[in-house]
Amino acid sequence: MTTTEKTKQYVLETYGRFPLTVARGKGTRVWDERGREYLDFCSGIATCSLGHCHPALTKAIAEQSTTLMHCSNLYYIGQQADLAELIVERVVGHPGKIFFSNSGAEANDGLIKFARRFGQATGRYEVITFNKSFHGRTIGAMTATAQTKIHEGFDPLPTGFTYVEPNNLDAVKAALTDKTAAFLLEPIQGEGGVNPMTREFLEGLSGLAKEKDILLLLDEVQCGFGRTGDLNGYDTIASGLAPDGISWAKGMGGGFPIGSFYVAEKHAHLLGPGSHGSTYGGNALACAASKAVIETIIAENLTENVKAREAQIRETIAGWNHPAITEVRGHGLLLGIGLKPDALDIPEGKAASIHLCAALIEKGLLVPPAGPEIIRLLPPLNVSADEVDQALQLVKAAFDDHLKS
Ligand SMILES: *Cc1c(COP(=O)(O)O)cnc(C)c1O
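Parameters and conventions
Residues numbered from 1 in each chain as written. Predicted model: local features only at pLDDT ≥ 70, side-chain atom pairs only at ≥ 80, totals over all residues. Heavy atoms only, no water. Domains from an automatic or database assignment. Contact = heavy atoms within 4.5 Å. Buried area = accessible area lost by both parts, 1.4 Å probe. Helix = DSSP H or I, 4+ residues; strand = E, 2+ residues; numbered from the N terminus. Buried < 20%, exposed > 50% of the residue type's maximum accessible area, 1.4 Å probe, protein only. Polar contact = N/O pair within 3.5 Å; in protein donor to acceptor, adjacent residues only side chain to side chain. Near = heavy atom within 4 Å. Nonpolar A, V, L, I, M, F, W, Y, C, P; charged D, E, K, R; others polar. Pairing = 2+ DSSP bridges. Axes fitted to C-alpha atoms, helices over the stretch in contact; angles between N-to-C directions.

K.L.:
Before we move on, can you summarise the domain arrangement of the protein with the specific residues and values?
P.N.:
The assigned domain composition of the protein is domain 1 (3-54 + 301-401) and domain 2 (56-299). Relative placement of domain 1 and domain 2: their C-alpha centres are 26 Å apart. Between domain 1 and domain 2, the contact holds 29 residues from the first and 30 residues from the second. Where domain 1 abuts domain 2, roughly 2,300 Å² becomes buried across the two surfaces, and 58% of that area is made up of carbon and sulfur atoms.

Okay, structure coming up:
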């Protein structure tokens with residue numbers, strides 16, 4: 001059986017997969033089973049922040065795996081303490097504490113539990129989230145996700161979530177009740193189509209949260225750890241924010257599965273002994289891997305490269321003045337190219353984005369879609385100017401090939 005056949009027989013078909021089996025990766029490149037090379041501007045969906053098999057990450061995993069992989073949170077773990085210190089002191093910059101999970105959805109579930117604990121004393125429990133958001137696939141995180149297609153067929157969903165239009169402070173004010181405990185949002189919506197929050201909105205929401213004693217919880221799972229050109233995605237949009245809670249995953253492990261959330265110091269007592277846990281969460285191996293990734297991002301000043309490559313991408317695409325491209329949106333290397341489906345020759349019933357992503361695989365470039373009319377560019381944070389040039393040539397060729405005559 002081929003990998004495709006075996007997958008179809010034995011793996012639940014919850015994913016719509018492209019017809020490609022990735023066998024090997026190095027830096028910004030991957031190879032399929034037959035040895036054909038591809039540029040990888042998907043990076044495991046903003047996850048392989050240092051590219052594939054970066055020597056610092058490989059070394060950290062190899063060395064830690066010979067010393068201690070896992071013990072249990074029944075005991076103290078040096079690598080976990082070191083990583084928590086690094087995140088609080090160097091990334092967040094405000095006093096607080098970290099809980100370690102294994103994924104983004106779990107990290108967001110933790111933030112939702114934090115909101116419930118916070119509201120207990122005053123009888124509040126509602127979390128306001130935003131249309132087109134994506135927070136993950138556990139029952140809690142999926143209910144927080146304000147997209148009906150993700151809720152379909154899973155009734156009854158947990159109660160206590162209210163969905164509001166993003167970038168509209170009046171809509172948020174209108175949705176407030178005496179039960180509102182928290183706002184949870186992505187500073188830049190990733191899966192929902194690369195939709196950045198505006199500075200006015202984030203600052204307004206932060207002010208409203210303070211005024212009404214509501215938690216400001218930011219989902220940095222996709223936009224965190226350098227992706228936007230700053231260590232925190234929210235810093236790229238609005239400076240001086242001090243969120244009550246932050247969730248991360250994806251890029252913090254560079255491909256090693258790990259997630260986490262931060263709780264500001266003044267609330268840390270709400271999640272005391274016995275209130276939350278995870279067997280794997282924060283084990284020595286995952287924490288050693290994540291520490292190597294974050295230290296490399298900081299030491300190599302990769303946020304500067306992110307900003308330079310963003311400018312290069314924006315300039316290049318603007319220069320095409322392409323009739324099938326509406327815009328480039330997002331921040332740093334979390335960018336979406338807007339497609340004009342009417343200007344493109346796409347088979348009936350197929351989403352333009354998915355059709356173009358498939359065509360780009362044929363050309364040797366991996367990029368993920370984000371909704372039917374956006375393709376995302378999510379290269380590693382250390383992608384080179386040459387690699388960006390090569391990838392953009394392929395993007396332009398794919399658009400040209402599909403232009404309606
Ligand atoms: C991917 C993603 C999640 C879910 O993370 P998983 O690790 O897949 O559970 C949550 N929030 C955002 C913003 C994401 O992009």
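K.L.:
Kindly report on the side chain of Gln222, identifying the contributing residues and their values.
P.N.:
Of note, Gln222 is situated in the loop between strand 10 (215-219) and helix 10 (233-237). Gln222 gets classed as buried once you look at its relative accessible area, which sits at 6%. Of note is the side chain of Gln222, whose polar atom sits 3.0 Å from the side chain of Glu191. In this structure, Gln222 is in contact with Ile45, Ala46, Gly190, Glu191, Arg227, Lys250, Leu334, Arg376 and Leu378, ignoring residues within four places of it in sequence.

K.L.:
Now, about the site of the ligand: what can you tell me, with residues and values included?
P.N.:
Close to the ligand lie Ser103, Gly104, Ala105, Asn108, Phe134, His135, Gly136, Glu186, Asp219, Val221, Gln222 and Lys250. Measuring from an oxygen atom of the ligand, one finds a backbone N or O atom of Gly104 at 2.8 Å. The backbone of Ala105 places a nitrogen or oxygen atom 2.7 Å from an oxygen atom of the ligand. Among the elements that take part in the shell around the ligand, helix 5 (residues 104-120) stands out by supplying three residues, more than any other. In terms of residue class, the shell around the ligand is made up of three nonpolar, six polar and three charged.

K.L.:
Can you break down unusual backbone geometry residue by residue, with the values?
P.N.:
Residue Asp155 is joined to Pro156 through a cis peptide bond whose omega torsion reads -5°. Tracing the sequence through the fold places Pro156 in the loop between helix 7 (148-151) and strand 6 (161-164). Here the phi dihedral of Ile45 falls at roughly 60°; this positive angle occurs in a residue that is not glycine. Tracing the backbone shows Ile45 in helix 2 (residues 43-46). On the basis of relative accessibility, which here comes to 28%, the residue Ile45 falls in the partly exposed class. Phi is positive for Asp213, close to 55°, though the residue is something other than glycine. Counting through the fold element by element, Asp213 comes out in the loop between helix 9 (199-212) and strand 10.

K.L.:
Kindly report on the sheet that holds strand 16 (residues 374-377), identifying the contributing residues and their values.
P.N.:
One open sheet holds the three strands; their spatial order is 13-14-16, and the pairing between them is antiparallel. Each edge of the open sheet carries a strand with a single partner, namely strand 13 (325-331) and strand 16. Mean inter-strand twist for the sheet, computed between neighbouring axes without regard to direction, equals 20°. Pairing between strand 13 and strand 14 (residues 334-339): six bridges, direction antiparallel. Looking at the pairing, Ile325 lines up with Leu339 of strand 14. Its contacts with the sheet place helix 12 (residues 302-320) against strand 13, strand 14 and strand 16, and it is angled at close to 170° to strand 13. Lying on the sheet, helix 14 (residues 385-401) is in contact with strand 13, strand 14 and strand 16; it crosses strand 14 at an angle near 20°.

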